[in-house]
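One-letter residues, chain by chain:
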Amino acid sequence: MKQGIIFDLDGVLISTDEMHYTAWKSIADELGIPFGRKENNLLRGVSRMASLDIILGLGNLSLTEEEKQNLAERKNDRYVSLLRSLTPEAVTQDVRDTLIKLKRRGIKTAVGSSSKNAKLILKLTGLAEYFDAVSDGTNITKSKPDPEVFLKGADYLGLSPQACAVVEDAVAGIDSANAGGFYSIGIGDAASYEKADAKIGNIGELLSII
Ligand code: B16
Ligand code: MG
């Protein structure tokens, strides 16, 4: 049995995909780059600047570092203003019940997210109180698929990677967990990824596999 579980945030505990999509789409539209939901899927779990690079690549556009910083900042302003509408109702009962049951079993829990807005999302949704630690985009220098975000999460819990499982919805996140020596569990998009050690259809299934 694992002593700790590290949860990816967006796509696992809460879904803000549509807000990321709306904000990136407005930037892509301004640049004249065709961008739909299929392209948005490429950005799952990927950091803000790496996401912008992917969008610019789709349009074969090369910009200066300053222009890129400016676009990333404007995308984030739009995303954060959309985030403000988040409430605790955005968290499913399945997610809450699972987190409560894990706590009762004495399993430590952490968040491992690429997002620099993770703490704001945890606060707005009331999820913060369920976790022993948070590792996010503000404490890492290398984004998923690098394992840094999960290695820091395990470190904050005082556990080794071998003692922890990671739950992820992104291919880049499963690669990150595997590279760090964690037991990787795919959900959503990552449930069909062959490199995930285990696959679940919903978060409650976690309770029977760890
Ligand atoms: P931000 P996760 C990721 O969150 C999102 O899936 C990804 O779409 C986003 O680009 C990334 O966070 C960075 O977010 O711009 O808020 O710093 O899935 O790792 O929880
Ligand atoms: Mg995710």
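The rules behind the values
Within each chain, residue numbers correspond to sequence positions counted from 1 in written order. Chains carry letters from A onward and ligands carry numbers from 1 onward, assigned in written order. Per-residue local features are limited, in this predicted model, to residues with pLDDT of at least 70; the limit for side-chain atom pairs, both in listing and counting, is 80 or more; totals at the level of whole chains, interfaces and linings are taken over all residues. No hydrogens and no water enter the side-chain calculation; it runs on all heavy atoms of the structure. Working definition: helices are DSSP H or I runs of at least four residues, strands are E runs of at least two. Numbering for both runs from the N terminus. Burial classes: relative accessible area under 20% of the type maximum marks a residue as buried, over 50% as exposed, and values in between as partly exposed (1.4 Å probe, protein chains only). When we say a residue is near a molecule or strand, we mean one of its heavy atoms is within 4 Å of it. Throughout this description, a polar contact denotes any pair of N or O atoms lying within 3.5 Å of each other; where both atoms belong to protein, one of them has to be capable of donating a hydrogen while the other can accept it, and for residues adjacent in sequence the pair is counted only when both atoms sit in side chains. To be clear on the numbers: accessible area is Shrake-Rupley with a 1.4 Å probe, and residue cover counts the displayed protein chains and nothing else. Only Asp, Glu, Lys and Arg are considered charged in this grouping, and only Ala, Val, Leu, Ile, Met, Phe, Trp, Tyr, Cys and Pro are considered nonpolar; every other residue, Gly among them, is considered polar. Salt bridges are counted wherever a side-chain nitrogen of Lys or Arg sits within 4 Å of a carboxyl oxygen of Asp or Glu. Side-chain rings of Phe, Tyr and Trp, where Trp is taken by its six-membered ring, are said to pair if the distance between their centres is within 6.5 Å; with planes under 30 degrees apart they count as stacked, over 60 as edge-to-face, and otherwise as tilted. How far each domain reaches was decided by an automatic or database domain assignment. Two residues qualify as a contact provided that any one of their heavy atoms is within 4.5 Å of a heavy atom in the partner residue. Buried area: the sum, over both parts, of the accessible surface (1.4 Å probe) that disappears when the two are put together.

**As for unusual backbone geometry**
A cis amide bond links Lys144 to the next residue, Pro145, at an omega of 15 degrees. Here the phi dihedral of Asn60 falls at roughly 50 degrees; this positive angle occurs in a residue that is not glycine. Relative to the helices and strands, Asn60 resides in the loop between α3 (48-58) and α4 (65-83). Take Asn60: its relative accessible area is 73%, and that puts it in the exposed class.

**Regarding the site of ligand 1**
Near ligand 1, the surroundings consist of 16 residues, among which Val46, Ser113, Ser115, Lys116 and Asn117 are the closest. One nitrogen or oxygen atom from the side chain of Arg48 is found 2.8 Å from an oxygen atom belonging to ligand 1. In this structure, Ser115 approaches ligand 1 through a side-chain N or O atom, which is 2.7 Å from an oxygen atom. Calculation on ligand 1 without its partners gives an accessible area of 470 Å², and the protein chains cover 97% of this total. By residue class, the composition of the shell around ligand 1 is four nonpolar, seven polar and five charged.

**Structural notes on the pattern of salt bridges**
Close approach of charged atoms allows side chains with opposite charge to pair. According to the stated counting rule, one finds 13 salt bridges in the structure shown. Here Asp17 makes a salt bridge to Arg44, at a shortest N to O gap of 2.9 Å. Of this pair, Asp17 sits in helix α1 (residues 17-31) while Arg44 sits in the loop between α2 (37-40) and α3, and the two are 27 residues apart along the sequence. Classification of Asp17 as buried rests on a relative accessible area of 17%. Look at Arg44 and you get partly exposed, because its relative accessible area is 22%. Of the charged contacts in the structure, one is a salt bridge between Glu168 and Lys144, with a shortest N-O distance of 2.7 Å. On the criterion of sequence distance, the pair formed by Glu168 in strand β4 (residues 164-168) and Lys144 in the loop between β3 (133-135) and α7 (148-157) is long-range, its members being 24 residues apart. The buried category is assigned to Glu168, whose relative accessible area is 0%.

**Concerning the packing of aromatic side chains**
For the structure shown, the criterion picks out three aromatic pairs. Arranged with centres 5.8 Å apart and planes meeting at 25 degrees, the rings of Tyr21 and Phe35 form a pair that is stacked. Taken together, the residues span a long stretch of sequence, with Tyr21 in helix α1 and Phe35 in the loop between α1 and α2 at a distance of 14 residues. In terms of burial, Tyr21 and Phe35 fall into one category: buried. Note on Phe150 and Phe182: the rings are 6.2 Å apart at their centroids and 65 degrees apart in plane angle, and the pair reads as edge-to-face.

**Side note on the domain arrangement of the protein chain**
Segmentation of the protein chain into domains returns domain 1 (4-15 + 87-209) and domain 2 (17-83). With centres defined by C-alpha atoms, the gap from domain 1 to domain 2 works out at 24 Å. Across the boundary between the two partners, domain 1 contributes 14 residues, which contact 12 residues of domain 2. Of the roughly 1,000 Å² buried at the junction of domain 1 and domain 2 (both faces included), carbon and sulfur atoms supply 49%. The tally of links from domain 1 across to domain 2 stands at two salt bridges. Where Arg44 meets Asp189, a salt bridge forms, and the shortest distance between an N and an O atom there is 3.5 Å. Residue composition of the side of domain 1 that touches domain 2, by class: four nonpolar, five polar and five charged.

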